[in-house]
Amino acid sequence: MEQRTVVRCAEGHLFSTSTFPMQNLGPGRLGPGRLIRCPQCGRLRSSVPADVGALSGSQLARAMRLEAPEFLA
């Protein structure tokens, strides 16, 4: 099963992604945000991993259903 990361875009939308670009470089090097196309608004947005412990069950379930397009770069 593929690992998914729940992220929040700059507009506050929650969604999931199978790839979080350059996560192996760490937040200390590039900062915590990455540009990902938000599936809710369709725009490239700065997105950060969401604190899943602070999300309700329904928010988490909705985020897992909304998948970001695969990162192509």
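Details of the structure are given in the entry above.
As the structure is a computational prediction, the values presented were derived from the model and not from experiment.

## Some details on the overall build of the protein chain
Reasoning step 1: A tally of regular secondary structure across the protein chain gives 2 helices and 4 strands.
Reasoning step 2: Scanning the protein chain from its N terminus toward the C terminus, one meets helices and strands in the order β-β-α-β-β-α.
Reasoning step 3: Of all 73 residues assigned to the protein chain, the portion counted as buried reaches 30%.
Reasoning step 4: In the protein chain, the share of contacts with a sequence separation of at least 24, taken over all contacts with a separation of at least 6, comes to 54%.
Reasoning step 5: Split by element, the accessible area of the protein chain, about 4,900 Å² in all, is 52% carbon and sulfur.

## Things to note about the sheet that holds strand β3 (residues 34–37)
Reasoning step 1: The antiparallel open sheet is built from 4 strands, whose spatial order is β2-β1-β4-β3. Only two strands of the sheet have a single partner each, and these edge strands are β2 (14–17) and β3. Strand after strand, the sheet turns through a mean of 50° between neighbouring axes, direction not considered.
Reasoning step 2: Sheet analysis places β3 next to strand β4 (residues 44–49), joined by 4 bridges and oriented antiparallel. Looking at the pairing, R34 lines up with S47 of β4.
Reasoning step 3: Helix α2 (residues 57–65) rests against β1 (5–9) and β2 of the sheet, and its axis sits at about 50° to β2.

## Notes on the environment of S18
Reasoning step 1: Along the chain, S18 falls in the loop between β2 and α1 (27–30).
Reasoning step 2: Of the residues examined, S18 reaches a relative accessible area of 29% and is grouped as partly exposed.
Reasoning step 3: With 13 residues separating them along the chain, S18 and T5 place their C-alpha atoms 6.3 Å apart.

## Section: the nonpolar core
Reasoning step 1: In this structure, V7, C9, F15, I36, C38, L66 and A68 together form the largest nonpolar core, which totals 7 residues.
Reasoning step 2: One finds V6, L14, L55 and A63 within the second-largest nonpolar core, a separate group that totals 5 residues.

What counts and how
- Residues numbered from 1 in each chain as written.
- Predicted model: local features only at pLDDT ≥ 70, side-chain atom pairs only at ≥ 80, totals over all residues.
- Heavy atoms only, no water.
- Helix = DSSP H or I, 4+ residues; strand = E, 2+ residues; numbered from the N terminus.
- Buried < 20%, exposed > 50% of the residue type's maximum accessible area, 1.4 Å probe, protein only.
- Contact = heavy atoms within 4.5 Å.
- Areas by Shrake-Rupley, 256 points an atom, 1.4 Å probe, with all protein chains shown as cover.
- Pairing = 2+ DSSP bridges.
- Axes fitted to C-alpha atoms, helices over the stretch in contact; angles between N-to-C directions.
- Core = buried A, V, L, I, M, F, W, Y, C linked by side-chain atoms within 4.5 Å.

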